[in-house]
Amino acid sequence: MTHPSSGEALAKPAPGGLGRLLDHRVLLSIAVLAILPWLLPSKALAVNVLIYGVVVMGYNLLFGYTGLLSFGQAAFFGAGAYFTGIAIGRYGVPWFAAVAIAVFLSTCLAAVIGIISTRTRGIYFSMVTLALAQLVYYVALQASSFTGGENGLRGFTVDRINLFGLQVNFLDPVNKYYVLMAFAALAMWFQSRILNSPFGAVIEAIRENEQRARACGYDVERSKLVVFMLSGATSSLGGCMLALHLSIVPLDILHYQTSGMIVMMVLLGGARSFFGPFVGAASFLILEDVISLWTPHWQIFVGAIFVLFVLFLPKGIWGTLLDTLGIGKARR
Amino acid sequence: MDLSLIIMQLLSGIALGAVLVITALGLTIVFGMLGVVNFAHGALFMIGAYAGLYLASLTGSFWWGLLLAPILIGAFGMLIEFVLIRRLYGRSIDDPLLLTFGLSYVLVEGVRIVFGSDGIPFPTPPQLIGVLDLGIGFFPRYRLFVIALVAVVLLVLWLTLEKTRVGLIVRAGARDPTIMQVLGVDIGRVWLAIFGLGVGLAALGGVLAGPMRSVNPEMGSLVLAEAFVVTVIGGLGSIVGAVVAGLMVGISISLVALFAPEMATIVMFALMAVVLLIRPQGLFGVRGRTA
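Residues numbered from 1 in each chain as written. Chains lettered and ligands numbered in written order. Predicted model: local features only at pLDDT ≥ 70, side-chain atom pairs only at ≥ 80, totals over all residues. Heavy atoms only, no water.

For chain A, the name recorded in an unreviewed UniProt entry is Branched-chain amino acid ABC transporter permease, with Bradyrhizobium amphicarpaeae as its organism. Under the UniProt heading Subcellular location (unreviewed entry), the note attached to chain A is "Cell membrane". (UniProt positions renumbered as here; feature names shortened; annotations may be inferred.)

### Concerning the overall build of chain A
The number of helices and strands found in chain A is 15 helices and 2 strands. The globule rule puts the C-alpha radius of gyration for 332 residues at 20 Å, and the 19 Å found for chain A is close to it. By its C-alpha atoms, chain A is 55 × 45 × 45 Å across when sized along the principal axes. Taking as baseline every contact in chain A between residues at least 6 positions apart, the subset at least 24 positions apart corresponds to 77%. Carbon and sulfur atoms make up 65% of the accessible area of chain A, which amounts to about 13100 Å² in all. Each charge sign in chain A was given a centre, from 21 positive and 14 negative side chains, and these centres are 6 Å apart. (Helix = DSSP H or I, 4+ residues; strand = E, 2+ residues; numbered from the N terminus. Rg over C-alpha atoms; globule rule 2.2 N^0.38 Å. Contact = heavy atoms within 4.5 Å. Areas by Shrake-Rupley, 256 points an atom, 1.4 Å probe, with all protein chains shown as cover. Lys, Arg positive; Asp, Glu negative; His and termini not counted. Charge placed at Lys NZ, Arg CZ, Asp CG, Glu CD.)

### Some thoughts on the side chain of Thr28(B)
Note on placement: Thr28(B) falls in helix 1 (residues 3–34). Not counting residues within four places of it along the chain, the set of residues in contact with Thr28(B) comprises Thr231(B), Gly235(B), Leu236(B), Gly237(B), Ser238(B), Ile239(B) and Ala242(B).

### Observations regarding the environment of Met263(B)
Residues and elements named next belong to chain B. Relative to the helices and strands, Met263 resides in the loop between helix 10 (239–259) and helix 11 (264–278). Given the relative accessible area of 39%, Met263 is considered partly exposed. Along the primary structure Met263 and Val36 are separated by 227 residues, whereas in three dimensions their C-alpha atoms are 32 Å apart. (Buried < 20%, exposed > 50% of the residue type's maximum accessible area, 1.4 Å probe, protein only.)

### Comments concerning the UniProt feature "transmembrane region" (unreviewed entry) in chain A
Residues and elements named next belong to chain A. Under the UniProt annotation, the feature "transmembrane region" (unreviewed entry) is placed at residues 45–62, 69–89, 95–116, 123–141, 177–204, 225–249, 261–286 and 298–318. As annotated, residues 177–204 comprises 96% helix and 0% strand, and the C-alpha atoms at either end are separated by 33 Å. Across residues 261–286, helical content stands at 77% and strand content at 0%; the span's end C-alpha atoms are separated by 14 Å.

### A look at the pattern of salt bridges
Scanning all chains against the criterion turns up 12 salt bridges over all chains. Glu109(B) is paired through a salt bridge with Arg112(B); the nearest N and O atoms lie 2.8 Å apart. Taken together, the residues span about one helical turn, with Glu109(B) and Arg112(B) both in helix 4 (residues 94–115) at a distance of 3 residues. As far as the burial class goes, Glu109(B) and Arg112(B) line up, both buried. A single salt-bridge network, built from bridges that share partners, covers Glu204(A), Arg207(A), Glu208(A) and Arg272(A). (Salt bridge = Lys/Arg side-chain N within 4 Å of Asp/Glu carboxyl O.)

### Some remarks on the interface of chain A and chain B
The interface is formed by 43 residues belonging to chain A together with 51 residues belonging to chain B. For the pair chain A and chain B, the summed buried area comes to about 4300 Å², and 75% of that belongs to carbon and sulfur atoms. Ranking the residues of chain A by area buried against chain B places Ile123(A), Tyr124(A) and Met127(A) at the top, with a combined share of 18%. Taken together, the links from chain A to chain B amount to 0 salt bridges. Scanning the region where chain A abuts chain B turns up 9 residue pairs in polar contact (both at pLDDT 80 or more). Within the residue set of the side of chain A that touches chain B, elements represented by two or more residues are helix 6 (122–142), helix 12 (256–269) and helix 14 (298–312) of chain A. By residue number, the principal contributor to the side of chain A that touches chain B is helix 6 of chain A, which donates 13 residues. When its residues are assigned to classes, the side of chain A that touches chain B shows 29 nonpolar, 12 polar and 2 charged. (Buried area = accessible area lost by both parts, 1.4 Å probe. Polar contact = N/O pair within 3.5 Å; in protein donor to acceptor, adjacent residues only side chain to side chain. Nonpolar A, V, L, I, M, F, W, Y, C, P; charged D, E, K, R; others polar.)

### Considering the pairing of strand 1 (residues 160–163) of chain A
Residues and elements named next belong to chain A. Direction of pairing for strand 1 relative to strand 2 (residues 166–169): antiparallel, over a ladder of 4 bridges. Paired with Ile161 across the strands is Val168, a residue of strand 2. Linking strand 1 back to strand 2 in an antiparallel pair, the connection comprises 2 residues, with Phe164 at a positive phi of about 50°. (Pairing = 2+ DSSP bridges.)

### Focus: unusual backbone geometry
Residue and element names in this part refer to chain A. Located in the positive-phi region is Ser247, a residue other than glycine, with phi close to 60°. Within the secondary structure layout, Ser247 lies in the loop between helix 11 (220–246) and helix 12. Ser247 gets classed as buried once you look at its relative accessible area, which sits at 15%. For Arg272, which is not a glycine, the phi torsion comes out positive at approximately 70°. The class for Arg272 is buried, based on a relative accessible area of 15%.

### Details of helix 4 of chain B
Residue and element names in this part refer to chain B. For helix 4, spanning 22 residues, the distance from its first C-alpha to its last is 32 Å, which sits close to the expected 32 Å at 1.5 Å a residue. Summarising burial for helix 4: 17 of the 22 residues are buried, a large majority. After helix 4 finishes, the residue Gly116 shows a positive phi value of roughly 85°. (Expected span 1.5 Å × (residues − 1).)

### As for the nonpolar core
Membership of the largest hydrophobic core comes to 203 residues, with the highest contact counts inside it found for Leu33(A), Leu244(A), Phe284(A), Phe39(B), Leu208(B) and Met272(B). In terms of residues, this core owes the most to one element, helix 3 (residues 43–65) of chain A, which gives 16 residues. The contact partners of Leu244(A), leaving out residues within four places of it in the chain, are Thr84(A), Ile88(A), Trp95(A), Val99(A), Val158(A), Phe170(A), Leu180(A) and Phe183(A). (Core = buried A, V, L, I, M, F, W, Y, C linked by side-chain atoms within 4.5 Å.)

### So, the packing of helix 8 (residues 173–196) of chain A against helix 11 of chain A
Residues and elements named next belong to chain A. Between helix 8 and helix 11, whose axes approach to 11 Å, the crossing angle comes to 180°. Classified by the angle between their axes, helix 8 and helix 11 sit roughly antiparallel to one another. Contact with helix 8, carried on its side by Lys176, Leu180, Phe183, Ala187, Phe190 and Ile194, involves Leu230, Thr234, Leu237, Met241, Leu244 and His245 of helix 11 and no other residues of that element. Across the contact of helix 8 with helix 11, the residue classes break down as 9 nonpolar, 2 polar and 1 charged. (Axes fitted to C-alpha atoms, helices over the stretch in contact; angles between N-to-C directions. Parallel < 35°, antiparallel > 145°, perpendicular 65-115°, else oblique.)

Here it is as structure tokens:
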């Protein structure tokens, strides 16, 4: 959570034992994801964990590490998916170029929304991001000649993909999983680099004490805007993965309920931890799967569990586990 | 396009805005006094509409529904404050927001279990069916009633806050809760009452909107976004701001619907973006606290 606590983000004594393992957090995370399809009951669930994991990881940069509680992340998740689908289906762009274009355009969208919303602070920021993301939702609903409106985007299929001259059958769930995992690995490497850079220290300083960060001479407003764009870019990559996976883009992806789901996932897993987003995405999706087996009203349980987490386990599953094991905060 | 049509559309906008004002007012009062953004506000608005409908059919009169639903749901709001939100005072400012967001899932799904997922028509009370001749055109009686009722509620609220002892305690409590406690005021009870009032206003908004919109479990999500937009434009925590911005949003939606119907839902967000670029704290907001 975004409780101000005295400078723990900046003090980074090297922990021994278990903590040293987390020096290699990217490799460790990739190793876990590599065996995930065999740990979970279905390959489809594993693909969803990958996709939502990347989306939530992007969001965690904003909420967990910078302390900005946005309620509009669905806009970038959805933008990534829609731009990918439109580029492939309408303009016949090859799939990897479509992904690159989609991430670029979504980052531009994040810049526009970021310029408006980062002018505000605190709870105001949450309300403004939610409202602006709803604006994106209504624009997608109205521009139905491009987006398919209420029916969602259809008419693009990704079945056989070209990987450096190698034809891969994308309909095979295992192939699909590993191709998408490459994206997740890229996103993890990228985020780890950001967090380890001086910029990573600046955003954590902003979370801990905005006034002090400003007094230290950091450009708080510009840093917030940059982190908003980086976060949007990462989440939009998750959207691209979803478009490739489903070959359709449902309009619901842009609704604020999706933003809420992303917030729930990050809290269930543990904000401010590197692997927390994947734990959160997995636990949310498993919970949804299990509960919806015996009642269509799974949301009532998910909501109640979320309330209990806010009250009693604000650091989430992974964050609490790391705390219990006494692993250094710096290496999450 | 003649002038009378525009005036009628303006009046429609005021009726729409009146419901927004009441709903956003509940949100803004709770924030102003407690520092809590109630993300379940839209869900409680929706429950208010269902409660109004249920009580009206139980008693056979819309008026009982209109009177009892806000009181009942307001009491339910006090229960929420007492059981859940009270634990979070003093913790991060994000926590109540997250908690009420989770709560909205529970409430919406709870309504689906009890009343089903389909929309239910909310009949207009028989006394208010039909239109009234205003000289320049015909206007639905029900909408005129909504405008009048909201005006009365606003007047009563304003008088209570500005002219009574209770209002004095509430305003002082918002400024400095510690001093109020030192002076012997049970600030916990004040906050309980304020939260109940905020939720009651959401429920009143829901009942009033019932005959104008269809009543369904999802109706709260649009309202929440609308109430946020109104609160952001007016300035978070500002009562005057909520009134001005609510009417502004209602009128713009209504007028834009006349010229470019497909832009009607989008215009309020555009309005918000423009206001934020000029005044990040909102029209009547105080700089420093939120922006």
